[in-house]
Amino acid sequence: QFRNFEPRLPNLTPEESASLQGAFRTAADYAERPAGFLTLLGESGCGKTHLAAALAARALSDGHSVAFVFVPDLLDELRSGNRPGGGEEGGGLLAAIRSAELVVLDDLATHYATPWAQEKLFQIVNYRNLTGGPTVVTMDQPLDSLGQPRIAGRLSDPHHGAIVLINAPHYTLGHQPRPAEQPRTPSRQRRQR
């Protein structure tokens, strides 16, 4: 939830703090008027999933249907549906994602970049784009690392969403004091014999 997110951690640089606070404000604004894509980029542990979960919780409390999916698990589900005897593809997961008022795709990343996985993810992203369904994406890699320009193009279209880069370290590091810099001492020159 938004109230549990700390956008002002004590041991961040001014740039890191501004980045985290900006991401928090953008997510809070999106919660008020969810539309199009909101893509949260940043290192692991910087708060992307927390903000995405806060958005999902807010949508649920407002009475909207939400599909929050961890992308590796989503792909495993979809693969199991493709096996003989696997039943409906992904157990109806694609239908649930299509029908949800808000979708969160948590941890969209390059290591899913098989052609099959790319096509499945493109189908989801493209459907959400065409229907205008609010969709939140978290990634720990830049968009161009997806290896799928069609997905990157949908997410980066300024008419259909926003990309927020969180330039902050892992959350726990924001609470720890930074190591003090050691004073530099001149190196001793070796005496020549």
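Here we summarise the structure given alongside this text. As a convention, each chain's residues are numbered from 1 in the sequence order in which they are written. Side-chain atom pairs in this predicted model are given and counted only at pLDDT of 80 or more, local residue features only at pLDDT of at least 70, and totals for whole chains, interfaces and linings cover all residues. To get the side-chain values, take all heavy atoms of the structure and skip hydrogens and water.

## Regarding the packing of helix α1 (residues 14–32) against helix α2 (residues 48–61)
In step 1: Lines fitted to C-alpha atoms define the axes, with helix axes restricted to the stretch in contact, and inter-axis angles between N-to-C directions lie between 0 and 180 degrees. Only DSSP runs of H or I with at least four residues qualify as helices, and only runs of E with at least two residues qualify as strands; both kinds are numbered from the N terminus onward. The N-to-C vectors of α1 and α2 enclose an angle of 20 degrees; their axes lie 10 Å apart at closest approach. Classified by the angle their axes make, α1 and α2 are roughly parallel. For the crossing formed where α1 meets α2, the hand is right-handed. Taking contact as the criterion, the partners of Ala23, Phe24, Ala27, Tyr30, Ala31 and Glu32 in α1 are, on α2, Leu51, Leu55 and Arg58.
In step 2: Here the residues of the contact of α1 with α2 sort into 7 nonpolar, no polar and 2 charged. Here roughly perpendicular refers to angles of 65 to 115 degrees, roughly parallel to angles under 35, roughly antiparallel to angles over 145, and oblique to all remaining angles. A crossing counts as left-handed when the near helix is turned anticlockwise from the far one by less than a right angle, and as right-handed when that turn is clockwise. Here a residue-residue contact requires only that any non-hydrogen atoms of the pair lie within 4.5 Å. Charged means Asp, Glu, Lys or Arg here, nonpolar means Ala, Val, Leu, Ile, Met, Phe, Trp, Tyr, Cys or Pro, and polar covers whatever is left, Gly included.

## Regarding helix α5 (residues 115–131)
Each turn of an α-helix holds 3.6 residues, which means side chains three or four residues apart point in the same direction.
In step 1: Each helix should span, by expectation, one fewer than its residue count multiplied by 1.5 Å. Counted at 1.5 Å a residue, the expected span for α5 with its 17 residues is 24 Å, and the 24 Å between its end C-alpha atoms agrees.
In step 2: Within the span of α5, buried status applies to Ala117, Gln118, Lys120, Leu121, Phe122, Ile124, Val125, Asn126, Arg128 and Asn129.
In step 3: Backbone geometry just downstream of α5 places Gly132 in the positive-phi region, at approximately 75 degrees. Accessibility here uses a 1.4 Å probe with only protein chains present; expressed as a share of the type maximum, an area under 20% marks a residue as buried, one over 50% as exposed, and anything in between as partly exposed.

## Describing the pattern of salt bridges
In step 1: In what follows, salt bridge is the name for a side-chain nitrogen of Lys or Arg lying within 4 Å of a carboxyl oxygen of Asp or Glu. All told, the structure shown has 4 salt bridges when counted by the stated rule.
In step 2: Residues Arg150 and Glu119 are paired through a salt bridge, measuring 2.7 Å at the closest nitrogen-oxygen approach. Here the residue Arg150 occupies a position in helix α6 (residues 149–156), and Glu119 occupies one in helix α5, the gap between them amounting to 31 residues.
In step 3: The class of Arg150 is partly exposed, set by a relative accessible area of 34%.
In step 4: Here the salt bridges share partners, and the residues they tie into one network are Glu32, Arg58 and Asp62.

## A look at the pairing of strand β2 (residues 66–70)
In step 1: Going residue by residue along β2, you find Ala67 and Val69 tucked away on one face and Val66, Phe68 and Phe70 left uncovered on the opposite face.
In step 2: Following DSSP output, two strands are said to pair if at least two bridges run between them. Two elements, β2 and strand β3 (residues 102–106), share 5 bridges in a ladder whose sense is parallel. Each residue of the ladder has a partner; that of Val69, found in β3, is Leu105.

## Thoughts on the nonpolar core
In step 1: The nonpolar core is taken to be a set of buried Ala, Val, Leu, Ile, Met, Phe, Trp, Tyr and Cys residues, with the residues joined through side-chain atoms within 4.5 Å. Membership of the largest hydrophobic core comes to 26 residues, with the highest contact counts inside it found for Leu74, Leu105, Leu108, Ile151 and Leu155.
In step 2: Looking at this core, the elements with two or more residues in it are β1 (37–42), β2, α3 (71–82), α4 (93–99), β3, α5, β4 (135–139) and α6.
In step 3: The element that contributes the greatest number of residues to this core is α5, accounting for 5 residues.
In step 4: When residues no more than four places from it in sequence are discounted, the contact partners of Leu108 are Val71, Leu121, Val137, Thr138, Met139, Leu146, Ile151 and Leu155.
In step 5: Counting residues in hydrophobic clusters, the runner-up holds 24 residues, among them Phe5, Ala52, Val104 and Val136.

## Some points on the sheet that holds β3
In step 1: Ordered by their spatial adjacency, 5 strands build an open sheet running β2-β3-β4-β1-β5, and the pairing between neighbours is parallel. Taken across any chain shown, the strands that pair with only one partner, and hence form the sheet edges, are β2 and β5 (161–166). Across the sheet, the mean angle from the axis of one strand to that of its neighbour is 10 degrees, orientation sign disregarded.
In step 2: Of the strand pairs in this sheet, β1 and β4 are connected by 5 bridges, and their pairing is parallel. Its bridge partner being in β4, Leu40 is matched across the sheet by Thr138.
In step 3: Packing of α1 onto the sheet brings it into contact with β1, β3, β4 and β5, and relative to β5 it is tilted by some 150 degrees.
In step 4: The sheet contacts of α6 involve β1, β4 and β5, and relative to β1 the element is tilted by about 110 degrees.

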